[in-house]
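# Examining the three-dimensional arrangement
In case you want the letters, here they are:
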2 protein chains.
Amino acid sequence: MGIATVLEQERRQVDEELERHLPDEGEYPERIHEAIRYSVLNGGKRLRPIIAFASARALGHDRAKIVKSACSVEYVHCCSLVLDDLPSMDDAMTRRGQPTTHRAFGVATGILSADALLMHAFKLVADNGVDVGADGPSVAKAVRDLATAVGSYGMVGGQHVDLEIAGRRNVDNETLEYIQTRKTGALFVVATTLGGTLLGAAPEDLDGLRQYAGSLGLAYQIIDDILDAEGDPEEVGKDVGKDVDKATYVTVHGVERARESAGRLIARAREALGALDGDTAMLDEIAAYCLDRSH
Amino acid sequence: MGIATVLEQERRQVDEELERHLPDEGEYPERIHEAIRYSVLNGGKRLRPIIAFASARALGHDRAKIVKSACSVEYVHCCSLVLDDLPSMDDAMTRRGQPTTHRAFGVATGILSADALLMHAFKLVADNGVDVGADGPSVAKAVRDLATAVGSYGMVGGQHVDLEIAGRRNVDNETLEYIQTRKTGALFVVATTLGGTLLGAAPEDLDGLRQYAGSLGLAYQIIDDILDAEGDPEEVGKDVGKDVDKATYVTVHGVERARESAGRLIARAREALGALDGDTAMLDEIAAYCLDRSH
């Protein structure tokens, strides 16, 4: 079975898990819970939970043990998309062919539901810790890692700097890498380590996963920018060419150099897996698959 | 020494602690950290951390043990004020005589810094758990309680319903109480229990604190509405009369009935302290002081 088929099966299973762990949309206040479900159950690729499960496998653990923390990372990702789309940020009208959350529910409900979803993610991480009998330092580290990945040194910081450079095409490499590392990379990294942290994985194994995910996250963002610059909208699944006025790795360095960088980063991600003793085949195949998308 | 003087001394100490535990404003991305500090260091009354410290005393613990979690509750409160003030919500121009955060830093930075502050609060709770050697279930419960107090069943839910009834003066008691319980009460409750949860306090002591804080929070909101309706702006420290078109306990039931309700709730809060063996004098005085403000 090819990796594309495996990823599609995984995606379906993750979709079921994401739905199962959300609050019911009939719960009061209904509009908030409807907005949460709308923001999550929208046909995403679910790459973050999929690499979370593949990381659990690499550590020798069953996927069932980390379902809640894998879902929490995807909820955080969905929360970030709702915020990115707001009128004060990217002012996006549609996402995956549907009106963005703030257009469907209003800006206030968009913001509030995104924060509620973020809180739901932290509850699930705490619950997951209790489920697997994690000790105090492990639960604390998982919570701290997720909070750091999201906060001012992570996703929020990356989004802020991304907004600051809006309209500029001349941006130095350091700033570009800062944005990619924080806006995309930080959540990839925590996706691979959150479950293992709760399950008491060896620090060197977590380091290997962190290096894998850091390189993969950077590559993933560059590949996304390549697809935006030259992809076929139907294949990519969203509007393309939207970043033409925006500094990205591609608009700054051109497609050829971007493709080379993505290739180097993917090679580095795959190399990092050598530090792990467990079954890293799935993580390896995911990295290779991401690179294939850019050709 | 009178309670007003004690509260003023506490407030100054809390201000120092709040500043000490924030990220430095020189840290990159600077605007986010400036906005965070601007939103927190604004001369608030700091009632939530003050009752957190008084609760630690009632449980027989030194205040030093729970500084981080006490700060985390105030950070969450400040985050909620930034969000409430946004153009899509209350569209407030000033808070404590200064431009609101989104007016000073822009809407996007306002939203992002509020979320970053929320994440910082969760980091501190996790750190506090490690500092006091809390076990896994205790750290998980503290994180879960804070997330619940903030999320769709707490503060966010309360703010959402509060926005839904905007412009209506005819609102049933159940809805009013829902808003007060969630928007104000939930954070008061978690302020009194968060430290004790990390320190392994007895469930019956935490129950007593929860009942105290639940009644105090409801009373506090009603007293705030009374002061809004008839207070002297200089004494209250903010604009008054802003809720004249809004359903509050006072606009629905009138000042007299509101004052009676506040008195009943404060009496209930003080009674709840009877369940605790420790030194509850400070909690008791705070409750009495809150009621005094409404006369």
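Check the entry above for the structure.
Residues numbered from 1 in each chain as written. Chains lettered and ligands numbered in written order. Predicted model: local features only at pLDDT ≥ 70, side-chain atom pairs only at ≥ 80, totals over all residues. Heavy atoms only, no water.

### Comments concerning the overall build of chain A
Helix and strand counts for chain A stand at 14 helices and two strands. The principal-axis extents of the C-alpha atoms in chain A amount to approximately 50 × 50 × 35 Å. Out of the 295 residues in chain A, the part that is buried amounts to 59%. Contacts spanning at least 24 positions in sequence make up 74% of the contacts within chain A whose residues lie at least 6 apart. Accessible surface, chain A: about 11,500 Å² in total, of which carbon and sulfur atoms supply 46%. With 32 positive and 48 negative side-chain charges, chain A shows a separation of 1 Å between the mean positions of the two kinds. (Helix = DSSP H or I, 4+ residues; strand = E, 2+ residues; numbered from the N terminus. Buried < 20%, exposed > 50% of the residue type's maximum accessible area, 1.4 Å probe, protein only. Contact = heavy atoms within 4.5 Å. Areas by Shrake-Rupley, 256 points an atom, 1.4 Å probe, with all protein chains shown as cover. Lys, Arg positive; Asp, Glu negative; His and termini not counted. Charge placed at Lys NZ, Arg CZ, Asp CG, Glu CD.)

### Points about the relation of the copies chain B and chain A
Mapping chain B onto chain A calls for a screw motion: a turn of 180° about the axis and a shift of 0.0 Å along it, with 0.0 Å RMSD after fitting. On this basis, the relationship between the two copies can be described by a two-fold rotation axis. The position closest to the rotation axis in chain B is occupied by the C-alpha of B:Gly136, lying 1.8 Å away. Take the interface residues of chain B: 100% of them recur as interface residues in chain A, which is what a same-surface contact looks like. (Least-squares fit on C-alpha atoms with pLDDT ≥ 70 in both.)

### Digging into unusual backbone geometry
All names here are of chain A. Of note, the amide linkage connecting Tyr 28 to Pro 29 takes the cis form, showing an omega dihedral of -5°. Within the secondary structure, Pro 29 is located in the loop between α1 (3-20) and α2 (30-40). Non-glycine residue Arg 46 carries a positive phi angle of around 65°. With respect to the helices and strands, Arg 46 occurs in the loop between α2 and α3 (47-58). Of note in this structure, Asp 91 is not a glycine but carries a positive phi near 50°. By the element assignment, Asp 91 lies in the loop between α4 (67-85) and β1 (94-95).

### Things to note about the interface of chain B and chain A
Contacts between the two partners involve 48 residues from chain B and, on the opposite side, 48 residues from chain A. Across the interface of chain B and chain A, roughly 4,100 Å² is buried in total on both sides, 73% from carbon and sulfur atoms. At the boundary of chain B with chain A, the tally comes to two salt bridges. B:Arg144 is paired through a salt bridge with A:Asp127; the nearest N and O atoms lie 2.7 Å apart. Looking at the side of chain B that touches chain A, the elements that each hand over two or more residues are α2 (30-40), α6 (107-131), α7 (136-150), α8 (155-164) and α9 (173-198) of chain B. Broken down by element, the side of chain B that touches chain A gets its largest block of residues, 14 residues, from α6(B). Of the residues that constitute the side of chain B that touches chain A, the class distribution is 29 nonpolar, eleven polar and eight charged. (Buried area = accessible area lost by both parts, 1.4 Å probe. Salt bridge = Lys/Arg side-chain N within 4 Å of Asp/Glu carboxyl O. Nonpolar A, V, L, I, M, F, W, Y, C, P; charged D, E, K, R; others polar.)

### Notes on the nonpolar core
The biggest cluster of nonpolar side chains holds 184 residues, and the ones touching the most others in it are A:Phe122, A:Tyr212, A:Ile286, B:Phe122, B:Tyr212 and B:Ile286. If near-sequence neighbours (up to four positions away) are discounted, A:Tyr212 is found in contact with A:Thr192, A:Ala269, A:Ala272, A:Leu273, A:Leu283, A:Ile286 and A:Ala287. (Core = buried A, V, L, I, M, F, W, Y, C linked by side-chain atoms within 4.5 Å.)

### Comments concerning the packing of aromatic side chains
Residue and element names in this part refer to chain A. One pass over the full model with this rule turns up seven aromatic pairs over all chains. Ring centres 5.3 Å apart and planes at 70° place the aromatic pair Tyr 38 and Phe 105 in the edge-to-face group. Of this pair, Tyr 38 sits in helix α2 while Phe 105 sits in helix α5 (residues 101-105); the two residues are 67 residues apart in sequence, bridging distant segments of the chain. Across from the ring centre of Phe 53, 3.7 Å away, lies the NZ or CZ of Arg 63, which sits over that ring. (Phe/Tyr/Trp six-rings, centres within 6.5 Å; stacked < 30°, edge-to-face > 60°. Lys NZ or Arg CZ within 6 Å of the ring centre and 35° of its normal.)

### Considering the pattern of salt bridges
Considering all chains together, one arrives at 40 salt bridges over all chains under this definition. For A:Asp85, the salt bridge identified is with A:Arg95, shortest N-O distance 2.7 Å. Highlighted residues: A:Asp85 in helix α4 and A:Arg95 in strand β1, separated in sequence by ten residues. Residue class for A:Arg95 comes out partly exposed when judged on its relative accessible area of 26%. As a salt-bridge pair, B:Asp279 and B:Arg57 come within 3.7 Å of each other at their nearest N and O atoms. With a gap of 222 residues between them, B:Asp279 in the loop between α13 (255-272) and α14 (281-293) and B:Arg57 in helix α3 (residues 47-58) connect regions that are remote in the sequence. Classification of B:Asp279 by relative accessible area gives partly exposed; the value is 36%. Salt bridges here are not isolated pairs; linked through shared partners, they connect A:Glu8, A:Arg11, A:Arg12, A:Asp15, A:Arg46 and A:Glu74.

### Notes on the packing of helix α7 (residues 136-150) of chain A against α7(B)
As a packed pair, α7(A) and α7(B) sit with axes 7 Å apart at the nearest point and diverge in direction by 30°. Regarding the angle of α7(A) to α7(B), the classification is roughly parallel. Crossing hand, α7(A) versus α7(B): right-handed. Residue-level inspection shows A:Gly136, A:Val139, A:Ala140 and A:Val143 of α7(A) in contact with α7(B), the latter providing B:Gly136, B:Val139, B:Ala140 and B:Val143. Per-class residue counts for the contact of α7(A) with α7(B) are six nonpolar, two polar and no charged. (Axes fitted to C-alpha atoms, helices over the stretch in contact; angles between N-to-C directions. Parallel < 35°, antiparallel > 145°, perpendicular 65-115°, else oblique. Left-handed = near helix turned anticlockwise from the far one by under 90°.)

### A short note on the packing of helix α8 (residues 155-164) of chain A against helix α9 (residues 173-198) of chain A
Residues and elements named next belong to chain A. Contact geometry of α8 with α9 gives a least axis separation of 8 Å together with a crossing angle of 140°. Handedness of the α8/α9 crossing: left-handed. Between α8 and α9, the contacting residues are Met 155, Gly 157, Gly 158, Gln 159, Val 161 and Asp 162 on the first element and Thr 175, Tyr 178, Ile 179, Arg 182, Lys 183 and Leu 187 on the second. When its residues are assigned to classes, the contact of α8 with α9 shows five nonpolar, four polar and three charged.

### Looking at α9(B)
All names here are of chain B. Between the first and last C-alpha of α9 there are 35 Å, a value that for 26 residues agrees with the 38 Å anticipated at 1.5 Å per step. Within α9, the axis deviates most sharply at Gly 185, by approximately 50°. The element α9 is extensively covered by neighbouring structure, given that 20 of its 26 residues are classed as buried. Between the side-chain oxygen at the start of α9 and the backbone nitrogen of Glu 174 there is a gap of 3.2 Å, and the oxygen is on Asp 172. Backbone geometry just downstream of α9 places Gly 200 in the positive-phi region, at approximately 70°. (Expected span 1.5 Å × (residues − 1). Bend = angle between axes of the 7 residues up to and from the residue. Polar contact = N/O pair within 3.5 Å; in protein donor to acceptor, adjacent residues only side chain to side chain.)

### Things to note about α7(B)
The end-to-end C-alpha distance of α7(B) is 21 Å, a good match for the 21 Å that 15 residues give at a rise of 1.5 Å each. Within α7(B), eleven of the 15 residues are buried, leaving the element largely enclosed by the surrounding structure. By the burial criterion, the buried members of α7(B) are B:Gly136, B:Ser138, B:Val139, B:Ala140, B:Ala142, B:Val143, B:Asp145, B:Leu146, B:Ala147, B:Ala149 and B:Val150. Turning to α7(B), the residues buried within the fold contact α6 (107-131) and α7 of chain A together with α4 (67-85), α6, α8 and α9 of chain B.

None of this, on its own, says anything about what the molecule does.
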